[in-house]
Amino acid sequence: TRVGSLYRLLHSLALMVSEGDRIDVDVWLDVPPGLVPAEVLEHRHRVKDEVEELGKNGTYRHGLIRAHVWDQHAGLQGQWYDAWDASIPGGLKEDTPEIGLILEDDLELSPFAWRWLKAAHAAYGQQERIAGFTLQRVHLCAAKCPDLNGGPDGAGGGFLYPLLGTWGFSPTARSYSRFLKWRRSLPPDFKPHVEGLTPTEWYRS
């Protein structure tokens, strides 16, 4: 567990402008594959207690902050796929009203991240063609065209672009619950190749 980077992320969350909204945080701590040594498990639970202390001592004031230790190795994909679903009693559903945000521990947020996400979901989140939003500055043009260098010319503020931005991804509950259902129906050896996309070529190599 990269504790230093995790605490840096949590500190940036604590400094975020909440606009009076409740923003709960769930931190999921992975464990190594196979039989987990007792000292590793002990360390994860120590980190769990330290993370939750941030809410108790007033460092994080926007809502609840909870930490969880996976029962078995989840891996990067498992963390991504299952953390939001596992954070909600009864699981994620299409009509779950909360806005979710998936963050890896090596990120830091702008103080205005919540303001932007809230506005984006309010303006576009009900559209069927929208799967979610990202806090990531767009650089990659996925279909072998020149890099976007932050966005198309003349885009101004936010813009729509058909590519998943994994750094600070905020899917809609509708699209993500459908995605999880689809993903769980696939065989274990399924490879998510999309012909013509640069990320598919990276994945294959």
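A quick note: this is a predicted structure, and the numbers were derived from the prediction, not measured. (Residues numbered from 1 in each chain as written. Predicted model: local features only at pLDDT ≥ 70, side-chain atom pairs only at ≥ 80, totals over all residues. Heavy atoms only, no water.)

### Digging into the overall build of the chain
Step number 1: Check the secondary structure of the chain and you find six helices and four strands.
Step number 2: Element order for the chain, N to C, with α for helix and β for strand: α-β-α-β-α-α-β-β-α-α.
Step number 3: The C-alpha atoms of the chain give 18 Å as radius of gyration, which agrees with the globular expectation for 205 residues (17 Å, within 12%).
Step number 4: Across the 205 residues in the chain, those meeting the buried criterion constitute 38%.
Step number 5: Sequence-distant contacts in the chain: of pairs separated by 6 or more residues, those separated by 24 or more amount to 68%.
Step number 6: Accessible area for the chain stands at about 12700 Å²; split by element, carbon and sulfur atoms hold 55% of it. (Helix = DSSP H or I, 4+ residues; strand = E, 2+ residues; numbered from the N terminus. Rg over C-alpha atoms; globule rule 2.2 N^0.38 Å. Buried < 20%, exposed > 50% of the residue type's maximum accessible area, 1.4 Å probe, protein only. Contact = heavy atoms within 4.5 Å. Areas by Shrake-Rupley, 256 points an atom, 1.4 Å probe, with all protein chains shown as cover.)

### So, the side chain of aspartate 85
Step number 1: Within the secondary structure, aspartate 85 is located in helix α3 (residues 75-87).
Step number 2: Excluding residues within four positions of it along the chain, aspartate 85 makes contact with Gly91, Leu92, Leu180 and Arg184.

### Some words on helix α5 (residues 173-184)
Step number 1: In this model α5 runs 16 Å from its N-terminal to its C-terminal C-alpha over twelve residues, within 8% of the 16 Å that 1.5 Å per residue would give.
Step number 2: Ala173, Arg174, Ser175, Tyr176, Ser177 and Leu180 are the residues of α5 that are buried.
Step number 3: Elements in contact with the buried residues of α5: α3 and β4 (169-171). (Expected span 1.5 Å × (residues − 1).)

### Focus on the packing of helix α1 (residues 3-14) against helix α2 (residues 38-56)
Step number 1: Close contact between α1 and α2 brings their axes to 12 Å; oriented N to C, the two are set at 20°. As the angle between them shows, α1 and α2 are arranged roughly parallel. Where α1 crosses over α2, the handedness of that crossing is right-handed. Here Val3, Leu6, Tyr7 and Leu10 of α1 come into contact with α2, specifically with His43, Val47, Glu50, Val51 and Leu54. (Axes fitted to C-alpha atoms, helices over the stretch in contact; angles between N-to-C directions. Parallel < 35°, antiparallel > 145°, perpendicular 65-115°, else oblique. Left-handed = near helix turned anticlockwise from the far one by under 90°.)

### Examining the environment of leucine 15
Step number 1: In this fold, leucine 15 is placed in the loop between α1 and β1 (25-29).
Step number 2: For the pair leucine 15 and histidine 62, spaced 47 residues apart in the sequence, the C-alpha separation amounts to 9.5 Å.

### Things to note about α2
Counting along an α-helix, one turn takes 3.6 residues, and residues three or four places apart therefore face a common direction.
Step number 1: Between the first and last C-alpha of α2 there are 27 Å, a value that for 19 residues agrees with the 27 Å anticipated at 1.5 Å per step.
Step number 2: Taken together, the buried residues of α2 touch α1, β1 and β2 (65-69).
Step number 3: Positive phi shows up at glycine 58, right after α2, with a value of about 90°.

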